[in-house]
Structures are given as structure tokens and as C-alpha cells.
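Chain and residue survey
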Amino acid sequence: MKRDYPLEKVRNFGIIAHIDAGKTTVSERILFYTGSQHKIGEVHEGETTTDWMEQERERGITITAAAITCFWTRTDEPDKSDKSKKFRFNIIDTPGHIDFTAEVQRSMRVLDGAIVVFDGVSGVEPQSETNWRYADDANVPRLCFINKLDRIGASFENSYKSILDRLSPKAIRVQIPIGEEANHEGVVDLLTMKGFTFSGNMGEEVIEGEVPESLVAVAKKYRNELIERIVEQDESAMNMYLEGTEPSLEELKKLLRKGVIANEIFPVYCGSALKNKGVQLILDGVVDYLPSPLDLPPITGINPKTDKPVERHASDDEPFTALVFKLQTDPFVGALTFFRVYSGTLSAGSYVYNSMTNSKERIGRIVRLQADKREEVEQVFAGEIAAAVGLKDTKTSHTLCDEANPIILEEIVFPEPVVSVRIEPKTKADQEKMGVALRKLSDEDPTFRVSSDEETGETIIAGMGELHLEILIDRMKREFNVVADTGRPQVAYRETILSSSEAEHKYIKQTGGRGQYGHVKLKLKKLEQIDPEAKIPKNVKREDHFEFINNIKGGVIPQEFIPAVEKGIREAMARGILAGYPVVDVSIDLYDGSFHDVDSSEIAFKIAASLAFQEAAKKAKPVILEPIMKIEVIIPEQFMGDITGNISGKRGAIESMEERGINKVVHAKVPLSEMFGYTTTLRSMTEGRGSMTMEFDHYDVVPQNVATDIISSRE
Ligand code: GDP
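We now turn to the structure provided with this report. (Residues numbered from 1 in each chain as written. Predicted model: local features only at pLDDT ≥ 70, side-chain atom pairs only at ≥ 80, totals over all residues. Heavy atoms only, no water.)

1. Quick notes on the pairing of strand β35 (residues 586-594)
On a regular strand, each side chain points to the face opposite its neighbour's, so the side chains alternate between the two faces of the sheet. For the record, the criterion: Buried, partly exposed and exposed residues are distinguished by accessible area as a fraction of the type maximum, computed with a 1.4 Å probe on protein chains only: under 20%, between the cut-offs, and over 50%, respectively. Each helix is a run of H or I in the DSSP string that is no shorter than four residues. Each strand is a run of E no shorter than two, and both are numbered from the N terminus. Between any two strands, pairing holds if DSSP finds at least two bridges.
Among the nine residues that make up β35, seven are buried, leaving the element largely enclosed by the rest of the structure. In this structure, strand β34 (residues 546-550) lies alongside β35, joined through five bridges in parallel fashion. Bridged to Phe-546 within β35 is Val-586.

Right under this line is the structure:
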């Protein structure tokens, strides 16, 4: 079978936004415009535009699908039915919620570009900063869309400046608005120096016109800034420009595309999704400036047989390689496994090899979700995104590939949960249902963990924030009909050491029959941040929070007992030193020991190692670590004193304050343990007028007096 779409006409992108910036509205408009364009030339089905929107809203499902496919032809293309001009968009969902940054990180891995949506009143918000950083880490090219310019208090310039100041000086206007607030009518495109307005029920008609007289001077000025930035992408264009010749429009667009793909330029668009202004033009921007899979460097992975790196290019002729990025249940089709194909092709009904689990699974059906249907496809090709039905043991972050050419792609790393809570089903009958529900939910969301307390047998769920857990408990009620009681949220503390030490433990038991003998000497030190590129010596095992160095020479501990030593240490780390919280960031150097020909056993070495570790850790200044949250509180000025006082009382550190419209914004870092129930406190302190956002920032050492309380509460 031949591919149905040329690869250069595919765009895999996401829409990234702070909650409330308008991601849902922008997505709805995109589905509407692409859908109605798609229908051009088809029989009119008697649907009015608003009907379509309402049905979509009622179903409310496509919008939240992990990936959705639609088609777009550039606005200025005269013949929209010409198939050769159509682009396939695979839009990958990126949740905007503060507690779901991990989901954003996850999706960054599989998208090739993004539209970042901002609220034109508030500009850059803390979540936008976090998401921007994730996009930076993943090198994702971005177009910015300053939305909501129709709102009272909206300002394109202020929002634009906040992007430059807080996100990147590489952002540059490619549009300016025609009017703001109630007068927002459309946008000026700076490259072409045209004005665009939008008419029709849903703004579906894009009308090209002149730049309004009052904006000509300012548009020219910003156009020059834009052109200068564009020609910087190419020396000869730059020289020509300096000599007075401006490159052609086509050439400018080509250079801008180059700059965007290289992450050197972030074009800034604007409009109002709600008032149907500007969305089509940013879709043209996706076509013009965001990369196709062909524009990207090959992906690298590890061949699990040889441990050597291997590359895969976006080509149908290379061996099949795909990354699973989301599991989701679709009300019509059932359990779906979403994957991004990096190379090769995959057919429905065939078997696929999961290199993480080293097992084969049958691909039943393959589907692509569209706004109005689930399209079943026989084959997917390199660079595409689709979902498989019927996979059982495949999880998020697994690599699917050709068994003869195995590869493991870099795993998607998810942050560890910071909050946990005990839950108990309301009735005994719910116990089993709750188990099923929790398993399904944690399959879908890798930052949501379920465990049980070994002593009490109670179920504990852990996640990225109070709200994250509340939402999941609510989903359990709505989707699985399980009602549960929950305990008080608990902070996920950790322990670590601040200095180094050594310890030796000899575990000997010789009471008739076969005895026990295990003897280890180890050095313990704090694990510092290590250059991830650095080569790891053969005798070192290194993980994010743990390093184990085997420095045993001359077989003083036989090789067969080394894994038992490591296991003993890991078990001791999980048990904690001070208050029973897991120990992180330690480096263990096993440098000496001894064994006994008859009495030595795995268990003896495990016990010896575990006790040696405990002894060493106690001498190495053990401390408790707590999650510190980054918060942003928005309040009317008169509450400023009360709020900052309250934050300081919570061991918080105020980092900065600024004005935003008529409000004040306080940026601070506060320990998570002090933040439970803060939204309620804030509401009552500000007569309901304050709002806040919060996200995990880092772990930090708990002060001594607080540590004492934590330790005594665990005894
Ligand atoms: P999300 O949380 O980012 O998905 O944001 P939504 O799309 O749900 O929008 C949040 C709120 O802002 C909703 O009440 C929308 O109707 C509103 N909204 C979205 N876009 C615009 C816009 O362009 N102008 C105005 N005035 N409101 C908007």
C-alpha cells in the first residue's frame, strides 16, 4: 500500500495553554474550520454551524482526545477542493491544568511543533512559563497566539512584551490587532501588509483588505523589525537587505520557516477565538512555518541487543519504530493506545514487538480520531499518529518496533507524585470496582500512582497535587460509579544525606548446621548532579536518584553476591533513615568485604549491606526533604499586606510582585505542606476576589524544628 499523504504535508502539533487561556475554544474553532472546509464540495447535510458546535460540545469527547486528525488548505488557496493542496494536521492534546504538567511533558515528546495560546489580558502566566520550558527542553518550534483581544483590559502590546520578557526575546510580531477590547475587528498581517477581518456566523469567511489608515505607520515599523529578524537567518539575504533589496515574499516566508524550525524565531499571532477572529490565519502559519516530520533530525534509540545507539529517519522504508504516548478510553471504540510512528509502517491485524516488555502483541484495528468520526485505517506510515485497538500489555512510553530490528526509544520521564491520600470505598461491594477503576486511571496517567499500605492494607493514591487527586476521585465517581471516602492529603517527603561517611557490617550466624556469612564495607556520599552526557564506567550503575559503584577487586565478594548487596541497600533506602520516607540522591561505593566458602549466601549479604547502609547514612547528616511549590497569587491591591504576611507565615519566600491590570500579582515559593486548603483561605481573605495557581518546583531540606515534628508524628 502506498501512503495516502505525502510526508511534507503532515503537521503534528499541539496547542499549549495556561488553563482558561482559551485552548478549548481555539481547538473547537480549528475543528470547525477544518471540518467545514473539509465538507466543501460535499452534499450539504442541513447542519447549521451552531448545531455542529452544540453536538460537539455535548459529546465533548473529540476535544479531549489524545490526538485528533483534521485537514487544512491555506486560506488564500483559491481551489479548496484540490487535494494536492491539503495538509493533514494531527493535533496532539496537551492538558492546560496546573497539576498536569507531566502530561504536557509527555506530549512534547511526540509533537513536532506547537501553538502556544495566551490570554490577551493576563499575558504570560506561570503555567505558560513552565510549559515553555518543557517545549525548550524538547526543542519544539512554536507559534504564539495572543487570544481574547476582545476582552476588556486586553492588550496585545503588554502580552507581547510579557512573552519577550518572561519567555523569549526570540518572539516577534507577525501580526498586530485591528482594534482591541470592544473594537477588536481583525488583524494586520505584517509580512503581506494586509488587513484581515472575519465574517459569517462563525467567522468562516476570511476577508482580505487594506491595513486601516491609523495602523499603517506602526505596522510599517513592526514590519521592518520582523524583516530584519528574518534576514538574520541567512547571510546573503542579510547583505542584500542591507544594500537595500528586500527578499521576495516567498523568500521571506522560506527564511522565516527556517528560523522557526531552528527555534530561532517564535512568530506572534493574535485574535479572539471566541469572537471568531484570527484562528484560520494561525492555521496557515502551521502550514507555512511549523515543521513536517521530514524537517526534523532522525530519532535515536538504543538497540537492546547490542546496547548501541541506532538512528531512524522519517521514512516508510526503514524498520517500524513507534512510541506509545497515551492510553485512553474512547466511548465508541474502547481502549486506545496512541502512538507516534517515527519510521516504517504498521498494518492492522499484524503483530508488533514491544521492546520494553520483550513481547509481541497483535494490533487489532488502527483508528484515527476525527471531529465527526473514527476512521479505521489499514496501515499507518512514518511520521503519522494513530491509535491501536486491542493492545493489552503496552503502556505509555513503551517502544513498539520491528522484532528483527529492535530499538528502545528514550523513555518519557514523568515527575514523581508529591501528594498522597488514603481512600476507602464507601461500601464493601465497591472494593473490587474501585480496584478496576484505579488501575484504569493509573494506566492512563503515569503521574497517578496507586499502592497499598503494607501494615494497614489501605489503598493509597498519589499524584501531582490536591486538585489532581480530587479530579481523579471525581472521575472514579462519574465514569466508574465508585464512591470513596478520602483521608487527609499527605506530603510525599523524601530523605537524603548531606555529607559522606563509611560503614562496615559483618553479618555472621554460626549456630550448628549451615551458618550465615556476609561482610561488606561501603562508602556513602551525596549524589551530585551529573552531566547526563558523561560516559558511565562499566562498574557503575546510575539512575536519577541513585548510584551504585562496584569497586570490589580480586573477588573478595564473589560477583554472584553483588546484586544481593545492591538489593539490601535499595530496601534500606526505601525504609528511610529518619522518618520512614524513601532515601534519594545517594552514591554508594562498595569497596571491600569478605566471604565464607560455605556460609555465605545472598540473604546474608543483603542483610549485611542493608545494615551497613543504615549505619553509614545515620553518620552522613541525614535530612528530610519536602516539595516546594511555586505559587502565583492574584489579588486586588488592598489585600496585598494580608496575603504577603500570610505567605511569610507559611515559611514562604516572596520572590517578586508586579501589577497586572488592576490587580497585584505575588510570586512566591512555599512548602507544599503549608498549602493544603489554601484556595479556601485565599477566598475568605480576599472576599472571594483572589485567585492563585500552584505547581511543583523542587525538593528542599526541611528546617530542623519542622523535621522534629514530622519525625515524632511518624512514631
Ligand atoms: P481553556 O481552559 O484554555 O481550555 O479555555 P477555554 O477555551 O475553556 O476558555 C476559557 C474561558 O474563556 C471560556 O469562558 C471561554 O468562553 C473564554 N474565551 C475563550 N476564548 C476567548 C476569547 O477569544 N475572548 C473572550 N472574551 N473569551 C474567550
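2. What about the sheet that holds strand β10 (residues 205-209)?
Put simply, the rule is: Angles shown run from 0 to 180 degrees and are taken between the N-to-C directions of axes, each axis being a line fitted to C-alpha atoms and, for helices, limited to the stretch in contact. The contact criterion used throughout is that any non-hydrogen atoms of two residues lie within 4.5 Å.
The antiparallel open sheet is built from four strands, whose spatial order is β7-β8-β9-β10. Each edge of the sheet is formed by a strand with only one pairing partner; in this case those strands are β7 (175-178) and β10. Ignoring strand direction, the axes of neighbouring strands in this sheet form an average angle of 30°. Bridge count between strand β9 (residues 194-199) and β10: five bridges; the pairing is antiparallel. Its bridge partner being in β10, Phe-198 is matched across the sheet by Val-206. Running over the sheet, helix α6 (residues 213-231) touches β7 and β8 (186-189) and is turned about 165° from β7.

3. Details of helix α12 (residues 562-575)
The α-helix advances 3.6 residues per turn, and as a result positions three or four apart in sequence lie on the same side. Note the threshold: Here a helix's expected span is defined as the number of its residues, less one, multiplied by 1.5 Å.
Its 14 residues place the ends of α12 20 Å apart at the C-alpha level, agreeing with the 20 Å of an ideal helix rising 1.5 Å per residue. Taken together, the buried positions of α12 are Ile-562, Ala-564, Val-565, Glu-566, Gly-568, Ile-569, Ala-572 and Met-573. Those residues of α12 hidden inside the fold are in contact with β32 (516-526), β33 (540-543), β34, β35 and α13 (602-619). Gly-576 lies just past α12 and shows a positive phi near 85°.

4. A closer look at the site of the ligand
As a reminder of what qualifies: We call a residue near a given molecule or strand whenever any one of its heavy atoms falls within 4 Å of it. In protein, a polar contact requires one atom able to donate a hydrogen and another able to accept it; more generally it is a pair of N or O atoms within 3.5 Å, and residues adjacent in sequence count only if both atoms are side-chain atoms. The protein chains shown are the only cover counted for residues, whose accessible areas, like all others here, come from Shrake-Rupley with a 1.4 Å probe. Charged residues are taken to be Asp, Glu, Lys and Arg, nonpolar residues to be Ala, Val, Leu, Ile, Met, Phe, Trp, Tyr, Cys and Pro, and polar residues to be all remaining types, Gly included.
For the ligand, the set of nearby residues contains 15 residues, the closest of which are Asp-20, Lys-23, Thr-24, Thr-25 and Asp-150. At 3.0 Å, a backbone N or O of Gly-22 approaches an oxygen atom of the ligand. Measuring from an oxygen atom of the ligand, one finds a side-chain N or O atom of Thr-24 at 2.4 Å. Here the ligand loses 74% of its free accessible area of 570 Å² to cover by the protein chains. At three residues, helix α1 (residues 23-39) tops the list of elements feeding residues into the shell around the ligand. Residues belonging to the shell around the ligand are distributed by class as follows: four nonpolar, six polar and five charged.

5. Description of the packing of α6 against helix α8 (residues 249-261)
Basically, it comes down to this: Oblique is the label for every angle not falling under 35 degrees (roughly parallel), over 145 degrees (roughly antiparallel), or within 65 to 115 degrees (roughly perpendicular). Handedness of each helix crossing follows the sense of rotation of the near helix against the far helix: counterclockwise by less than a right angle gives left-handed, clockwise gives right-handed.
Remark: α6 packs on α8, axes separated minimally by 9 Å, with the N-to-C direction vectors making an angle of 65°. Considering the angle they form, α6 stands roughly perpendicular to α8. When you trace α6 past α8, the crossing you get is left-handed. Taking contact as the criterion, the partners of Arg-223, Ile-227 and Ile-230 in α6 are, on α8, Leu-252, Leu-255 and Leu-256. Looking at the contact of α6 with α8 residue by residue, the class counts come to five nonpolar, no polar and one charged.

6. Description of the pairing of strand β27 (residues 459-463)
With respect to burial, β27 is a largely interior element, five of its five residues being buried. Residue alternation in β27 divides its side chains into two sets, Thr-459, Ile-461 and Gly-463 and Ile-460 and Ala-462, and both sets are buried. Sheet topology note: the strand β25 (residues 419-425)/β27 ladder contains five bridges and is antiparallel. Paired with Val-421 across the strands is Ile-461, a residue of β27. Both strand β26 (residues 449-452) and β27 contribute to a ladder of four bridges, which runs antiparallel. From the neighbouring strand, Val-450 faces β27, where its bridge partner is Ile-461.

7. Remarks on the pattern of salt bridges
Using the following cut-off: Criterion for a salt bridge: a side-chain nitrogen of Lys or Arg within 4 Å of a carboxyl oxygen of Asp or Glu.
Enumeration over the complete set of coordinates arrives at 45 salt bridges. Lys-194 is the salt-bridge partner of Glu-208, the closest N and O atoms lying 3.9 Å from each other. One end of the pair, Glu-208, is in strand β10; the other, Lys-194, is in strand β9, and 14 residues separate them in sequence. You can call Glu-208 partly exposed: its relative accessible area is 49%. Take Lys-194: its relative accessible area is 30%, and that puts it in the partly exposed class. For Glu-626, the salt bridge goes to Arg-651, with nearest N and O atoms at 2.7 Å. With Glu-626 in strand β36 (residues 622-636) and Arg-651 in the loop between α14 (640-649) and β37 (653-660), this pair connects stretches of sequence that are 25 residues apart. Classification of Glu-626 as buried rests on a relative accessible area of 2%. A relative accessible area of 27% places Arg-651 in the partly exposed class. Connected through salt bridges with shared partners, the residues Arg-3, Arg-88, Asp-316, Arg-368, Glu-375 and Glu-384 form a single ionic network.

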